[in-house]
Amino acid sequence: QANPALLAGGPDGVALRLCRIMVDRYTKKLLALEPRLDDIEREIVERPDDEMLAELIGYKTDLRKFRRVLVYHVQVFDELQKNPPPQIHAARVHEVRDVYEHQERASSLATLYYEVSTDLIDGHISLASHRLNNIIKVLTIVTTIFVPLSFLAGIYGMNFENMPELKSRQGYFILLGFMASIATILVLTFRRRRWL
């Protein structure tokens, strides 16, 4: 509408112009996504959260749609380039090739960013699993240290009259010393194995 002179070139010129505008818009949107993916890559290491994962999944879904649409466009223009129909003037074959090249570039970008977003999702999940494993490891170590101590406290907490150690004047201190020795030995063992 802004430039009626474009119609003077015929419908093939208008169609190719529209296709070029469309692929340029796709490319612009794809290139705008790259800095955000770079930011997310840094944020995943520093402070990952569920919102970031949801954002990545949204990008992955959109990029899958982009890829599907662009693959169809590339196929159509590849065919137009190899076997131009009579409706396209011979002088416009270079324009078909130009649109094809831009669509192929956009398709490559969509595929690249789709793979990047997939890698970032996998990285986010791996880091979350790693942090969870570290937490579970610490809890396991704490449990391992306190289980024998709880066992001893349970035995000596029983209300039996004929427990020889109960009559000993030093029994309480011996038991506490024994429990402290067990805890110390376990902590040193875990440190030697670099679990702590």
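Please read all numbers here as calculations on a predicted model, not as lab measurements. Within any chain, residue numbers begin from 1 and follow the written order of that chain's sequence. Local features in a predicted model are, by the rule used here, given only for residues with pLDDT of at least 70; side-chain atom pairs are given and counted only at 80 or more, and totals for whole chains, interfaces and linings are based on all residues. Hydrogen atoms and water are omitted, and side-chain values are computed over all heavy atoms in the structure.

Peer 1: How would you explain the packing of helix α1 (residues 11–46) against helix α2 (residues 50–82) if you had to name every residue and give the values?
Peer 2: Packed helix pairs are specified by the crossing angle of their axes together with the interaxial distance, meaning the distance between the axes. The geometry of α1 relative to α2 is characterised by a closest axis approach of 11 Å and an angle of 150° between their N-to-C directions. As far as their axial angle goes, α2 and α1 are roughly antiparallel. Judged by the twist between their axes, the crossing of α1 over α2 is left-handed. For the pair α1 and α2, the contacting residues are Leu16, Cys19, Met22, Tyr26, Lys29, Leu30, Leu33, Arg36, Leu37, Ile40, Glu43 and Ile44 in the first and Met52, Glu55, Leu56, Tyr59, Leu63, Phe66, Val69, Leu70, His73 and Phe77 in the second. Each axis is a line fitted through C-alpha atoms, and for a helix only the stretch in contact is used; angles between axes span 0 to 180 degrees, taken between their N-to-C directions. Only DSSP runs of H or I covering at least 4 residues are called helices, and only runs of E covering at least 2 are called strands; the numbering of each starts at the N terminus. Oblique is the label for any angle not covered by the other classes, which are roughly parallel (under 35 degrees), roughly antiparallel (over 145) and roughly perpendicular (65 to 115). Two helices cross in a left-handed way if the nearer one is turned anticlockwise from the farther one by less than a right angle. They cross in a right-handed way if the turn is clockwise. Residue contacts are counted whenever heavy atoms from the two residues lie within 4.5 Å of one another.

Peer 1: Describe the pattern of salt bridges, listing the residues and the values that go with them.
Peer 2: Side chains that carry opposite charge are capable of pairing whenever their charged atoms lie near each other. Salt-bridge detection follows one rule: a side-chain nitrogen of Lys or Arg within 4 Å of a carboxyl oxygen of Asp or Glu. Overall, the coordinates contain nine salt bridges when judged by the stated rule. The partner of Arg92 in a salt bridge is Asp12, and the shortest N-O contact between them spans 3.3 Å. Within this pair, whereas Arg92 is found in the loop between α2 and α3 (93–156), its partner Asp12 is found in helix α1, the two being separated by 80 residues in sequence. Neither residue differs from the other here; Arg92 and Asp12 are each classed as buried. Accessible area is worked out with a 1.4 Å probe on protein chains only. A residue is then buried under 20% of its type maximum, exposed over 50%, and partly exposed in between.

Peer 1: Which residues make up a nonpolar patch on the surface, and what values go with them?
Peer 2: Among the surface-exposed residues, Val138, Val142 and Phe146 lie close enough to one another that they form a single nonpolar patch of about 260 Å² accessible area. Tracing the chain through its elements places Phe146 in helix α3. You can call Phe146 partly exposed: its relative accessible area is 49%. Here, patches come from residues exposed beyond 30% relative accessible area and free of salt bridges, joined within 9 Å for like charges and within 5 Å for nonpolar side chains (Val, Leu, Ile, Met, Phe, Trp, Tyr). The Shrake-Rupley method, run with a 1.4 Å probe, gives the accessible areas here. Residue values count only the displayed protein chains as cover.

Peer 1: How would you explain the side chain of Gln103 if you had to name every residue and give the values?
Peer 2: Within the secondary structure layout, Gln103 lies in helix α3. Not counting residues within four places of it along the chain, the set of residues in contact with Gln103 comprises Val23, Leu70, His73, Val74 and Phe77.

Peer 1: I'd love a proper account of a negative patch on the surface, names of residues and values included.
Peer 2: Residues scored as positive are Lys and Arg, those scored as negative are Asp and Glu, and His as well as the terminal groups of each chain are ignored. Throughout, a charge is located at the NZ atom of Lys, the CZ atom of Arg, the CG atom of Asp or the CD atom of Glu. Residues Glu34, Asp38, Glu41, Glu115, Asp119 and Asp122 make up a contiguous surface patch of negative charge. Breaking the negative patch down by element, the ones donating at least two residues are α1 and α3. Following the sequence through the fold, Asp38 ends up in helix α1.

Peer 1: Explain the confidence of the model for the chain residue by residue, including any values.
Peer 2: Looking at the chain, the pLDDT average stands at 87 and 100% of residues meet or exceed 70. Note: pLDDT gives the predictor's confidence per residue, expressed from 0 to 100. Per-element confidence in the chain ranges from a low mean pLDDT of 72 for helix α4 (residues 164–167) to a high of 91 for α2.

Peer 1: Give a description of α1 that names residues and reports values.
Peer 2: Helix span, as expected, comes to 1.5 Å for every residue beyond the first. Helix length check: α1 (36 residues) gives 54 Å between terminal C-alpha atoms against 52 Å at 1.5 Å per residue, within 8%. Those residues of α1 that fall on the buried side of the exposure criterion are Asp12, Gly13, Leu16, Cys19, Val23, Thr27, Leu30, Leu33, Leu37, Ile40, Glu43 and Ile44. Tucked inside the fold, the buried residues of α1 contact α2 and α3.

Peer 1: I'd like a description of the side chain of Ser117, backed by residues and values.
Peer 2: With respect to the element layout, Ser117 can be found in helix α3. Two N or O atoms form a polar contact when they lie within 3.5 Å of each other; inside protein one atom must be a possible hydrogen donor and the other a possible acceptor, and for residues adjacent in sequence the pair counts only when both atoms belong to side chains. In terms of polar contacts, Ser117 uses its side chain to reach the backbone carbonyl oxygen of Tyr114, at 2.8 Å. Discounting chain neighbours no more than four positions away, the residues touching Ser117 are Leu56, Lys60 and Leu63.

Peer 1: Pulling in residues and values, what's your account of the nonpolar core?
Peer 2: The criterion is simple. A nonpolar core is a set of buried Ala, Val, Leu, Ile, Met, Phe, Trp, Tyr and Cys residues joined through side-chain atoms within 4.5 Å. Of all hydrophobic cores here, the largest spans 20 residues; its most connected members are Leu30, Leu37, Ile40, Leu56 and Tyr113. Apart from residues no more than four positions distant in its own chain, Leu37 is found in contact with Leu56, Tyr59, Tyr113, Val116 and Leu120. By size, the runner-up hydrophobic cluster in this structure holds nine residues, among which are Ile145, Leu175, Met179 and Phe190.

Peer 1: Help me get a handle on the environment of Met179, residues and values and all.
Peer 2: Its location among the elements puts Met179 in helix α5 (residues 171–192). Filtering out sequence-adjacent residues up to four positions away, Met179 remains in contact with Leu149, Leu152 and Ala153.

Peer 1: If you had to explain the packing of aromatic side chains to someone new, which residues and values would you point to?
Peer 2: Pairing of aromatic rings covers Phe, Tyr and Trp, the last counted by its six-membered ring, and requires centre-to-centre distances within 6.5 Å; plane angles under 30 degrees mean stacked, over 60 mean edge-to-face, and any other angle means tilted. Overall, the coordinates contain one aromatic pair when judged by the stated rule. On the numbers, 5.3 Å between centres and 80° between planes, the contact of Tyr26 with Phe66 is edge-to-face. Taken as a pair, Tyr26 in helix α1 and Phe66 in helix α2 lie far apart in primary sequence, 40 residues in all. The class for Phe66 is buried, based on a relative accessible area of 19%.

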